[in-house]
Every structure is written in C-alpha cells, then in structure tokens.
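# Structural description and commentary
Here's the letter readout for the chains.
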Amino acid sequence: MSRSILDEVLAAARDDMPPRLDPVRARQMIDVAVTSGQTTSGDLSRFAWWRFALPAVVAVAVIVLVISLGRRDHEPIAAAIPPTELALPTGDRIVTTPGAVIDVVSATRERRTLRVGSGTALFDVPRLAAGEQFVVHTPDSEVTVVGTVFSVQVDTSTTVRVYEGHVRVRRGDLAFELSTGQQLDRSGVGTIAADPLFERGMALMRARLATRESVRDDVVASVPARVDRTPDRAIVDPAPSRKRTAPVPDSSPGAGSVDDHRPFEPLTEPQLSEGADRKRALALLAAGDFVAARDLAIARGFDLIEGDAHRALGAHRDAARAYERAITRRDDACIAALLAARIHNEKLAAPERALTLLASAIDPTCPTRERALALTIRIATQLKKPEHGREAAQRYLESFPSGDHAGAARSLLGR
Amino acid sequence: MPNVDDVLVALLPRIRRWVHRILGPTNALDDVTQDALIEIARALKGFRGDSAVETFAYRITIRVASKALRRRCLDAVSLELVPPPPDHIDPESRLAHREMIRALYRALDALPTKRRVTFVLCELEGMTPTEAAIVLGEGAATVRSRLRRARDVVTAALTKDANLAWLGGPR
C-alpha cells in the first residue's frame, strides 16, 4: 500500500520539467562553453572564471533599429517598418509611426535624451528614480518626463499627449504640466484626442493602471534651472522630492488649470484585513494561480508578492518595477533589491541598473548579503568595472571567507 | 571530432533537464548547467566515439551535478521555484503537484549522492538498472541494490511526510 505514495509522487515528478530557458540566454551559455572549451581546463569548483567573463549581452526582442548607449553624438534613426517598437536597455519603450525620425542624444541611466524630428512616437517610461531624467526634444518643445506613457506628434508643430502619469513641456518661454488624459497642441492644453498611436497608448495606459504605477507619489526628476530665461515660469526642482509639484500657471489660451491636475484615484476594493489578504495572495501564488495573485497583490499594494506573480507570468519588466517599489519598505528591502537586480541583469539586459540596486542588498544586516555580493562581483567584472568588483570581493571575503564564491573573490584580488 | 557548437545546441535542453532532475528545483540550475556545458565542450576534444555522445554528455553532467550537490551550493527549494504543471490541471491539483515535487526532493536530499543519482536515472529518467549501470560505469547488480535501498528510504520518507497526508488513507 505504501508504494502508492511513491508511484503518485513519481508520476508527478516525471512530468516535471525545468523552467523555460530564454533563447538568448541559451545561446549565451553555449558561446561561453565553446569559448571555454578552447582554453586549458582548470578546476571549475575553485574558480568559475566564466561567471566573471560573460560577455555583455546586448539583447532585445523585437526591434529593427539599433540604438547605441553612451555619450555619442546623436544619430538619426528612421523607422523602417511601421509601427516599430523599440526597447532601450534602460527599460523605456518607444513605438513609432512610419517615417518617424528619432535621434538618440544620450541613453545613460541618469540621462536619457531623445529628439523627435518628425512623425509620432509613443513613449512608455518607467517611474524615474531620484537623479534620473528623461527628456524628449522636438523642434519647438522640450518634454520632461516623470514616469509615464505619453506621445509626441511632430508635424508643423508639436502635440504632446499624456496617456498616464504626467510630463512637463517647455515651449519657448511657456511651461506646461500635463497629466493623464491631457494634451498640448498649438492651441493649448485640452482633453486628449486620437493620434496615430492612440490605441497603443490606451493599451499601455490600461497596463499601467493595472500595475498602479501612478498611485504612489512620484519622484520628481531634477530639471535644470532656467530662471534666466523665464523667471516667473520656470519649473525649478534642484533636488528630487516625493511631492507632486503644482502646475505652473500659464496665461496662454487653453492652458491647463490646477483643477485639471487630479491625482490618479485608486480603484476601490473590499475592506479586508491586510493580513488575511496577504495570506490569500501567498496561497494563490502557491497554488499557481499567478494572475489572481498578481491582481490581489496589486490591489493591496503587496509589491513583493506582485513581483513574484509577474515573474512567474514572465512579465519581467513589471516584476522589476514591483520589486523596486518593495525596496522602499524596510522589511522587504534586501530581498526585493536582490530580486530586482537579478531580473535587470538576467532578463532585461540592464546590468548597470542591477548594480545600482544591489547596493540595497549588501547591507550587513541583509540576509541576502552573500548572494548580493557574489552577483555584484560578477556584474562588475562583466561591465569591466574592476574597482567595483574588487571592492565587492573584499567585502565578500571579510564576511564569508569560506563561502562558495570565496575562491573566485580571492582570484579577483590576486591572492 | 564532432562540432562542439552543434553538439551543445542539440544537447542543451537534455543537459538542463538532467541537471534539473538530479538537483531538483533550484536557483543554481543555470549555473550548474553552464558548468556542465563547459566540461562537455572541453572533454569533446578527446572524445573517441566509443560511446554515444549523449551517454558521454550524461556522464559528465552527472559528475558536475553530483559535485554541486556535495558542495551544497544550492538554495532551499522554495515553492515558487517549482515549475507549474501543465495548464489543464485544476488549482488544487497544481498545489498538490508542487507539494509532491518538493516532498520528493526533500526525501532525495537525505540520500547519499550515488543513491540519489541512481534513483533519478531509473525512476525519473526511466532507465533500466542495466542502462543506468552503463551510464554510471558500474556493475548492474550494484545499481540494482542501490536502487532498492533508495526506493525504500524515499518511500518511508514520503509516507511520513505530513504535507502529503492528503494523498491517501491507511497504509
């Protein structure tokens, strides 16, 4: 009789397969192995050198255009196949219409600057962290983003439409702040009207609402002061703050009023206790009902659980955002930072971002410290940041002299 | 000598599955798989064709995975690491499936590495003891004896596992 338990368990285990392997990652693994196979063999258990020598992955799924990182002079890029979807390694997404011309002026994490010369481009920009800036220039306008879905249509003048979140637009001596559902065209600020990418914008807006991006207080990105040009109109935020800024009054016709800038209202939910809901969300996760777990976690603000659900559903970008929100909660900060960093590095091809996030996971009180330090060493080596890697290796050895990665850390330090 | 890239491309899904079966659900799956790929790529230089390439790769994978087990460089099996079963299964069965996988690997963790690997080859990979003996480079009688002991230990552990109490009545 006792065999039947074994038979049932074995039947389940025989059906069990490993998680799906991303084709890009698979190719990367084979490349490392082939390259390694051409070198002399070493003791892998002591020094898994390949983990520190993985080539940087320039990955992205469905793009036609190549966008280069770093400080290069802008290169005009013309959309070849409409509509074209681009994904910057920084996590921003862009959809363009046929013939749209976009220049990438800079694309570092701290400063993303693009120029739309003509056509329509729809931008989906994750909420910016303190010190980050996302700016779009057109021939007659400058759009500064706080974390939003918006489009820019350029023909004889520029029309900016905000599907979710808010942006600041500077046009000559005038400054405007637009929120969800507003647009600015040549006649001023009004209710959003359809543009060539309207359906796409609405879809992104609904996705954003589902992830509750705009429920939380936004971090206001720093905007360079221009008081010398517009002393009574400039929006000056010399330091990031967590408060929504009031719109700048503008006397031009059709300008938006303060009353138009209403914050996003969260959806109403039944008033259940947080503890019971958390348990329910975890149970849904455990049961594999990831969609329900995700929805409940979103509704109740359980960022870590939400991240787990997104991750299980393969929505890596959403998972990263949820984990990053969880970092602000003291109890979850360490594990959230590590999980977010891993997703950025392994799934979103954003090792720089991962490195930044790992700083929150290596605090001496963090239970994730060892894994976070090991990952820091790996990514710093991958990004050719030897000082950063050595510093992490030093800290690793101080805390975990007999850890699994101690050998590799010593090799990095030349010991 | 076979083309290394072609061999690895063809074998990667199987290698990964073998690692997964031997180690159980773990965050270290891709790391250990990578180690195995590297060892296989290096060893292919000296491959003389006296066994099937798959058997050759299997032996190396077992060695690498066994080393990983002995190093205990694996994370605990958290529930979300267990991949979900096929979609047509209802939520209760999904939970049961996951719990059974976890219980199995809890039981396997208590076995010596050789017994664990033997159990995986025969009970999960479907090899006969003779076939497993060829892969492991050991005698068939040794493999049969090891398998018998492994089954007894695993059965006893599963029977006692409180999380599987719902699986049946008196035993």
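Right above here is the structure, for reference.
Our subject in this report is the structure included herewith. None of these values were measured; they are calculated from a predicted model.

## Quick look at the overall build of chain B
When you go through chain B residue by residue, the secondary structure sums to seven helices and zero strands. Along its sequence from the N terminus, chain B presents helices and strands in the succession α-α-α-α-α-α-α. Evaluated residue by residue, chain B yields a buried proportion of 52% over its 171 residues. Counting contacts in chain B only where the partners sit at least 6 residues apart, residues at least 24 apart contribute 64% of the total. Carbon and sulfur atoms make up 53% of the accessible area of chain B, which amounts to about 7500 Å² in all.

## A few points about the nonpolar core
Nonpolar side chains in soluble globular proteins generally cluster together in the buried interior. Ranked by size, the top nonpolar core spans 65 residues in total, and within it L8, L104, F119 and V154 of chain B carry the most contacts. The element contributing the most residues to this core is helix α1 (residues 4-23) of chain B, with ten residues. Residues in contact with L8 of chain B, not counting those within four places in the same chain, are I30, A33 and V34 of chain A together with L37, I40 and A41 of chain B. Core analysis: the second largest hydrophobic core is formed by 33 residues, L304, L338, L355 and A374 of chain A among them.

## What about the environment of P112 of chain B?
Residues and elements named next belong to chain B. Following the sequence through the fold, P112 ends up in the loop between α4 (91-109) and α5 (113-124). Judged by relative accessible area, which is 46%, P112 ranks as partly exposed. The spatial distance from the C-alpha of P112 to the C-alpha of L69 is 9.8 Å, given a sequence separation of 43 residues.

## Let's talk about the packing of helix α6 (residues 290-300) of chain A against helix α7 (residues 303-312) of chain A
Residue and element names in this part refer to chain A. In contact at an axis separation of 8 Å, α6 and α7 are set at 150° when each is read in the N-to-C sense. Classified by the interaxial angle, the pair formed by α6 and α7 is roughly antiparallel. Of the two elements, α6 crosses α7, and the hand of that crossing is left-handed. Residue-level inspection shows F290, A293, R294, A297 and I298 of α6 in contact with α7, the latter providing I305, E306, A309, H310 and A312. Taken together, the residues of the contact of α6 with α7 sort by class into seven nonpolar, one polar and two charged.

## Considerations on the packing of aromatic side chains
Under the defined criterion, the tally for this structure stands at four aromatic pairs over all chains. An angle of 20° between the planes, with centres 4.9 Å apart, marks the rings of F123 of chain A and F150 of chain A as stacked. Linking F123 of chain A in strand β5 (residues 111-125) with F150 of chain A in strand β8 (residues 148-154), this pair joins segments that are 27 residues apart in sequence. For the ring pair W18 of chain B and Y58 of chain B, a centre distance of 3.9 Å and an interplane angle of 5° mean the geometry is stacked.

## Notes on the pairing of strand β12 (residues 182-185) of chain A
Residues and elements named next belong to chain A. With two bridges connecting them, strand β9 (residues 158-164) and β12 associate as antiparallel partners. Residue V160 lies in a different strand from β12, and its bridge partner there is L184. Sheet topology note: the β12/strand β13 (residues 188-191) ladder contains four bridges and is antiparallel. Within β13, the position partnered with D185 by the bridge is G188. Between β12 and the antiparallel strand that follows it, β13, lie two residues.

## As for the pairing of strand β11 (residues 174-179) of chain A
Burial analysis of β11 of chain A places five of its six residues in the buried class, which makes it a mostly covered element. With antiparallel pairing between neighbouring strands as the criterion, strand β10 (residues 166-171) of chain A and β11 of chain A make up a hairpin whose turn holds two residues, including G172 of chain A at a positive phi of roughly 60°.

## Quick notes on unusual backbone geometry
Residue and element names in this part refer to chain A. Within the chain, A349 stands out as a residue other than glycine whose phi angle is a positive 55°. You can see A349 is positioned in the loop between α9 (333-346) and α10 (351-358). The phi torsion at K384 lies on the positive side, around 55°, for a residue other than glycine. Structurally, K384 can be placed in the loop between α11 (369-382) and α12 (386-399).

## Points about the pattern of salt bridges
Within the structure shown, the criterion is met by 29 salt bridges over all chains. Of the charged contacts, one joins D308 of chain A and R311 of chain A as a salt bridge, the two residues approaching to 3.4 Å between their closest N and O atoms. With D308 of chain A and R311 of chain A both in helix α7 and three residues apart, this pair spans about one turn of that helix. Two residues, E125 of chain B and R21 of chain B, come together in a salt bridge whose shortest N-O distance is 2.7 Å. Here E125 of chain B, found in the loop between α5 and α6 (129-136), pairs with R21 of chain B, found in helix α1; they are 104 residues apart in sequence, far enough to count as distant. Each member of the pair, E125 of chain B as well as R21 of chain B, is classed as buried. Connected through shared salt-bridge partners, D92, R112, E132, E324 and R353 of chain A make up one network.

The rules behind the values
- Residues numbered from 1 in each chain as written.
- Chains lettered and ligands numbered in written order.
- Predicted model: local features only at pLDDT ≥ 70, side-chain atom pairs only at ≥ 80, totals over all residues.
- Heavy atoms only, no water.
- Helix = DSSP H or I, 4+ residues; strand = E, 2+ residues; numbered from the N terminus.
- Buried < 20%, exposed > 50% of the residue type's maximum accessible area, 1.4 Å probe, protein only.
- Contact = heavy atoms within 4.5 Å.
- Areas by Shrake-Rupley, 256 points an atom, 1.4 Å probe, with all protein chains shown as cover.
- Core = buried A, V, L, I, M, F, W, Y, C linked by side-chain atoms within 4.5 Å.
- Axes fitted to C-alpha atoms, helices over the stretch in contact; angles between N-to-C directions.
- Parallel < 35°, antiparallel > 145°, perpendicular 65-115°, else oblique.
- Left-handed = near helix turned anticlockwise from the far one by under 90°.
- Nonpolar A, V, L, I, M, F, W, Y, C, P; charged D, E, K, R; others polar.
- Phe/Tyr/Trp six-rings, centres within 6.5 Å; stacked < 30°, edge-to-face > 60°.
- Pairing = 2+ DSSP bridges.
- Salt bridge = Lys/Arg side-chain N within 4 Å of Asp/Glu carboxyl O.

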